[in-house]
Amino acid sequence: MSKTYTDVEQMICLSSRLIEDNRTVFVGYGMPQIAAILAQKLYSPNICQVYEYGAIGPEVATPFKRNMMADARNSYRSYSWMSMNRMMAQAQMGYIDYGFLGAAQIDKYGNINSTIIGKDYEKPKKRFTGSGGGNEVASLCWKTIVLMQHEKRRFLERVDFITSPGYLDGPGARENAGLPRDSGPHRVVSSKALFDFDVKSKVMRLIGLCPGVTKEDVLENMEFEPVVADKLEQLGPPTEDELKILREEIDPDRVVIGRID
Amino acid sequence: MDVLESGMGEVLLQDVDDVREWMRDKKTRALEEKVMDEHEAVRRFLKDGDYISYDLSSMVRGPMSIEREIVRQKKKDLWIAAKFTLLDTTLLVGGGCVSKIDVGFAGLGRPLFEAIENGIVKTIDWSNGTLALRHLAGAMGVPFLPARSLLGTDTFKHSGAKVVEEPFTGKKVALVPAINPDVAIIHVNQCDVYGNSRVYGPSITPLETAAASKNVIISTEEIISTDEIKKDPGKTTIPYYMVNAVVVAPYGAHPGTVPGYYSYDSEHLEEFFAARSLEELAEYIDKYVHSTSGHEDYMEMVGGDARMEELKKAEWIKEGYY
């Protein structure tokens, strides 16, 4: 049977189910914006989305426009409108429970690269956007959730450039660097699987598989070997409700979620 | 306080007392009318080699008409604070105006990345938050502020920040140096002829950027009377004595939106995004910047009043603005 949804839809739906209600969520640019809208519409109506540009608690109006952040839809029906220094300060103060980010590459300790591919900073093979607010989100929120396409070139032993911190080089490294105590990556949602981080080694740990995906399929498409949980959760496919809201309300032109081939 | 680690990025450092003197000697407190056209504002207050900073982005309340004028006047060798930027840096780099970018977010699009990959422009990586904080330090008249981000990362290594053990409780913190841009360009909803300015909606750092900068060019959707300003002073974001020039630029954020007033121009943005190389971007710039004499002419080219009325109608969300 052929798939009735895209990889991106799978990732967005899966991550939307991970946000606890009644929590503050610092939402990053791109896919996380869509997942947060879906979460609020279906699962956690009382999350308070916060954005680096100053919106606190918006009920983001749909449809979602790609590449857009800080427009009137994004800021719709907020509790408050502030500005960047205050938002980052609030994360630094411990007010923000979840950080929600996308990334180009991630490594076994959850370090994120969104800056360059290649070792030569002056002349990178490929340049990306850089941190944006990602460094603050990954440094200062309590728990960070990262959304990633599952490809071998993206799940690396060591990223070319640590844009935003995961557990750096292992246990104790965040605290040694001066980063806030008890913060760090919490979940990684890929197009094939769900990961958390091994408590002791701080290495990414496979805990769930997307429908139709085997453990081998996941591991073959990663450069490093993650810790594997004793029991792997079988993750559900996107539900009818999720797909209906995604396709009819949030992204009717399917510019982000894509179409089935 | 010992420095434990230093980032290698180049920093434009300025002595806080020199900055104070500039603010005393070069920015007038007199109620002088500062309204001028964009050609004069950019010619008088922005020169080759300057460090420039803007608020928000090409997509939202960005000072696009002034950015286009900078390209039109072929300014060179600018150093840009790219905090929360989208197509702004892309346009300025495509116009050949930029030599260095302090990266918060190096948005957006292939032409910009092509310029970086080929070493045409130099980057110094920071983050949106630390660039915003550097403007706050600049706006406070202190040489630096501490942050608990950047730590442990390559972003730190390529920034100009330092890590110290702070002297009170002994924790490691990052220190980021103040930034006092040569020029701020900020698009606002309303201001009076002296520069008392109102920004509606959430924002990045409009006040910090204006306060910290040596020259401030305000472009505005409309001029309102000082009496109106004084009837509701809580709405004033930027006070007049920070401002050097006021440029009247209705729809100045086009193709971006001014939230609560007009929507973004999707069709035009698509044309902008369609430029996938510096060469293609140069064609876009020729067509919309170098072939237009100024903002008014540009607006005619992108559809004039009729198109703007459509974009106003498309902005159905009004609550909270004005």
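Look a little higher up for the structure.
Report on the accompanying structure. Fair warning: this is a prediction, and the values are worked out from it, not measured in the lab. For every chain, the first residue of the written sequence is number 1, and numbering continues from 1 onward in sequence order. A letter from A marks each chain and a number from 1 marks each ligand, given out in the order of writing. Two thresholds apply to this predicted model, a pLDDT of at least 70 for residue-level local features and 80 or more for giving and counting side-chain atom pairs, whereas whole-chain, interface and lining totals are computed over all residues. Hydrogens and waters are ignored; side-chain quantities use all the structure's heavy atoms.

Residues and elements named next belong to chain A. Interaxial distance between helix α1 (residues 7–16) and helix α2 (residues 31–42) falls to 8 Å at its minimum, and their mutual angle equals 55°. As summarised for this structure, α1 and α2 are arranged oblique, according to the angle between their axes. Note on packing geometry: the crossing formed by α1 with α2 is right-handed. Contacts from V8, M11, I12, C13, S15 and S16 in α1 reach M31, I34, A35, L38 and A39 in α2. To define axes, lines are fitted to C-alpha atoms, for helices over the stretch in contact only, and angles between the resulting N-to-C directions are given on a 0 to 180 degree scale. Going along the chain from the N terminus, every DSSP run of H or I of four or more residues is numbered as a helix, and every run of E of two or more is numbered as a strand. Here is the rule for angles: anything less than 35 degrees is roughly parallel, anything more than 145 is roughly antiparallel, 65 through 115 is roughly perpendicular, and the remaining ranges are oblique. Helix crossings get a hand from a simple test, with the near helix turned counterclockwise from the far one by less than a right angle marking a left-handed crossing and a clockwise turn marking a right-handed one. Note on definitions: a residue-residue contact is assigned when non-hydrogen atoms from the two residues lie within 4.5 Å.

We now examine the interface of chain B and chain A. Opposite the 57 residues of chain B that make contact, chain A presents 54 residues. Reported buried area values correspond to the accessible surface (1.4 Å probe) lost by two parts on association, with both partners' losses combined. Of the roughly 4,500 Å² buried at the junction of chain B and chain A (both faces included), carbon and sulfur atoms supply 58%. Any Lys or Arg side-chain nitrogen found within 4 Å of a carboxyl oxygen on Asp or Glu counts as a salt bridge. The interface formed by chain B and chain A contains one salt bridge. Across the pair D125 of chain B and R127 of chain A runs a salt bridge whose closest N-O atoms are separated by 2.8 Å.

Our next topic: unusual backbone geometry. The step from T62 of chain A to P63 of chain A runs through a cis peptide bond, and the omega angle for that step is -5°. Tracing the backbone shows P63 of chain A in the loop between β3 (55–56) and β4 (80–81). A cis geometry characterises the amide bond from H254 of chain B onward to P255 of chain B, with omega recorded as 10°. If you trace the backbone, P255 of chain B turns up in the loop between β12 (245–248) and α10 (266–273). In the Ramachandran plot, A70 of chain A falls in the positive-phi region, its phi being about 85° despite a non-glycine side chain. As for its placement among the helices and strands, A70 of chain A is situated in the loop between β3 and β4.

Now for a negative patch on the surface. All names here are of chain B. On the surface, E296, D297, E300, D305 and E309 cluster together into a negatively charged patch. At the level of elements, α12 (295–301) and α13 (304–314) are the ones that each hand at least two residues to the negative patch. Element by element, the count of residues in the negative patch is highest for α12, at three residues. By secondary structure assignment, the location of E300 is in helix α12. Every patch collects residues that have over 30% relative accessible area and no salt bridge, joining them within 9 Å if they carry like charges and within 5 Å if they are nonpolar side chains (Val, Leu, Ile, Met, Phe, Trp, Tyr). Surface accessibility in these figures is a Shrake-Rupley result with a 1.4 Å probe; residues are shielded only by whichever protein chains are displayed. Only four residue types enter the charge count: Lys and Arg as positive, Asp and Glu as negative, with His and the chain ends excluded. Every charge is mapped to an atom, namely NZ of Lys, CZ of Arg, CG of Asp or CD of Glu.

Because each turn of an α-helix spans 3.6 residues, side chains separated by three or four positions end up pointing in the same direction. All names here are of chain B. Whether a residue is buried, partly exposed or exposed follows from its accessible area with a 1.4 Å probe, protein chains only, as a fraction of its type maximum: under 20%, in between, or over 50%, in that order. Inspection of α10 places H268, L269 and F272 among the buried residues, and these make up the whole buried set. The buried residues of α10 occupy an angular sector of 100° when projected down its axis, which confines them to one face. Among the exposed residues of α10, those oriented more than 90 degrees off its buried face are E267 and E270. Looking at the buried positions of α10, the neighbouring elements they touch are α4 (88–94), α11 (278–290) and α12. Relevant arc is that of directions from the helix axis to the C-beta atoms, nothing else.

All right, on to the packing of helix α3 (residues 64–72) of chain B against α11 of chain B then. All names here are of chain B. Closest axis-to-axis distance for the α3/α11 pair is 10 Å, and the angle between their directions is 105°. In terms of axis orientation, α3 runs roughly perpendicular to α11. Here α3 contributes R68, V71 and R72 to the contact with α11, which in turn contributes I285, Y288, V289 and H290. Charged residues are taken to be Asp, Glu, Lys and Arg, nonpolar residues to be Ala, Val, Leu, Ile, Met, Phe, Trp, Tyr, Cys and Pro, and polar residues to be all remaining types, Gly included. Here the residues of the contact of α3 with α11 are counted per class, giving four nonpolar, one polar and two charged.

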